[in-house]
Amino acid sequence: QVQLVESGGGLVQAGGSLRLSCVVSGRTFSSYGMGWFRQAPGKEREFVAAVTWNGGRSTYYADSVKGRFTISRDNAKNTVYLQMNSLKSDDTAVYYCAATMEPYSTQGFRYHYWGQGTQVTVSS
């Protein structure tokens, strides 16, 4: 059974930074494409960032976070990260880590495993 556990969320002022972590247990971590999604109150879940399974050589970002967020993975630690800089109030949401057996995807329905989510709140 694959399990994903996120951590690192919290309350931060606008302009600040947070780093989210997601530890994956179960099958071979390096064989999964990994992604981060978020869901704000009253809104649909949206794609944030993805990193490919081949050692993470390719990354993809939503336009809203491009240049501010960085996704990375450490296959030795079975961990994927989301470094979030220059945070805005619009970034307030529950952030979810997800794993797909495809090389990568920006579409949530293509992900097979999900974490429980971690709350990020940005105060203005």
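What counts and how
- Residues numbered from 1 in each chain as written.
- Predicted model: local features only at pLDDT ≥ 70, side-chain atom pairs only at ≥ 80, totals over all residues.
- Heavy atoms only, no water.
- Helix = DSSP H or I, 4+ residues; strand = E, 2+ residues; numbered from the N terminus.
- Rg over C-alpha atoms; globule rule 2.2 N^0.38 Å.
- Buried < 20%, exposed > 50% of the residue type's maximum accessible area, 1.4 Å probe, protein only.
- Contact = heavy atoms within 4.5 Å.
- Areas by Shrake-Rupley, 256 points an atom, 1.4 Å probe, with all protein chains shown as cover.
- Pairing = 2+ DSSP bridges.
- Axes fitted to C-alpha atoms, helices over the stretch in contact; angles between N-to-C directions.
- Core = buried A, V, L, I, M, F, W, Y, C linked by side-chain atoms within 4.5 Å.
- Disulfide = S-S within 2.5 Å.
- Salt bridge = Lys/Arg side-chain N within 4 Å of Asp/Glu carboxyl O.

This part is about the overall build of the chain. Secondary structure assignment for the chain yields 0 helices and 11 strands. For 124 residues, the compact-globule estimate of 2.2 N^0.38 gives 14 Å, and the chain sits close to it at 13 Å. Scored against the burial criterion, the 124 residues of the chain give a buried share of 44%. Counting contacts in the chain only where the partners sit at least 6 residues apart, residues at least 24 apart contribute 58% of the total. For the chain, the accessible surface area stands at approximately 6,300 Å², while carbon and sulfur atoms represent 45% of it.

Moving on, we come to the sheet that holds strand β7 (residues 69-74). In space, the 4 strands of this open sheet follow the order β1-β3-β8-β7, with antiparallel pairing throughout. Only two strands of the sheet have a single neighbouring strand rather than two, namely β1 (3-7) and β7. Within the sheet, the average angular offset between the axes of one strand and its neighbour, ignoring direction, is 15°. Where β7 lies against strand β8 (residues 79-84), 6 bridges are found, and the strand directions are antiparallel. Within β8, the residue paired with Thr70 across the bridge is Gln83.

Take the nonpolar core next. Met34, Trp36, Val80, Leu82, Met84 and Tyr95 are the most contacted members of the largest nonpolar core, which has 35 residues in total. Secondary structure elements with two or more residues in this core: β3 (18-25), β4 (33-39), β5 (46-51), β7, β8, β9 (93-100) and β11 (118-123). If sequence neighbours within four positions are ignored, Tyr95 has contacts with Glu6, Leu20, Trp36, Phe37, Arg38, Val48, Phe69, Leu82, Met84, Gly117, Thr118 and Val120.

With that settled, the discussion passes to the state of the cysteines. Across all of its chains, the model carries 1 disulfide by this definition. The residue that forms a disulfide with Cys22 is Cys97, at a sulfur-sulfur distance of 2.1 Å. Taking the torsion about the S-S bond as the criterion, the Cys22 to Cys97 disulfide, at about -80°, is left-handed. Of this pair, Cys22 sits in strand β3 while Cys97 sits in strand β9, and the two are 75 residues apart along the sequence. With respect to class, Cys22 is no different from Cys97; both count as buried.

The next subject is the pattern of salt bridges. Applying the stated rule across the entire model yields 5 salt bridges. The salt bridge involving Glu46 is made with Arg38; its shortest N-O contact spans 2.6 Å. On the basis of relative accessibility, which here comes to 35%, the residue Glu46 falls in the partly exposed class. Residue Asp63 is joined to Lys66 by a salt bridge in which the shortest nitrogen-to-oxygen separation is 3.1 Å. Overall, Lys66 belongs to the partly exposed group, its relative accessible area being 49%. Overlapping salt bridges bring together Arg38, Glu46, Arg68 and Asp91 as one network.

Geometry only, nothing functional implied.
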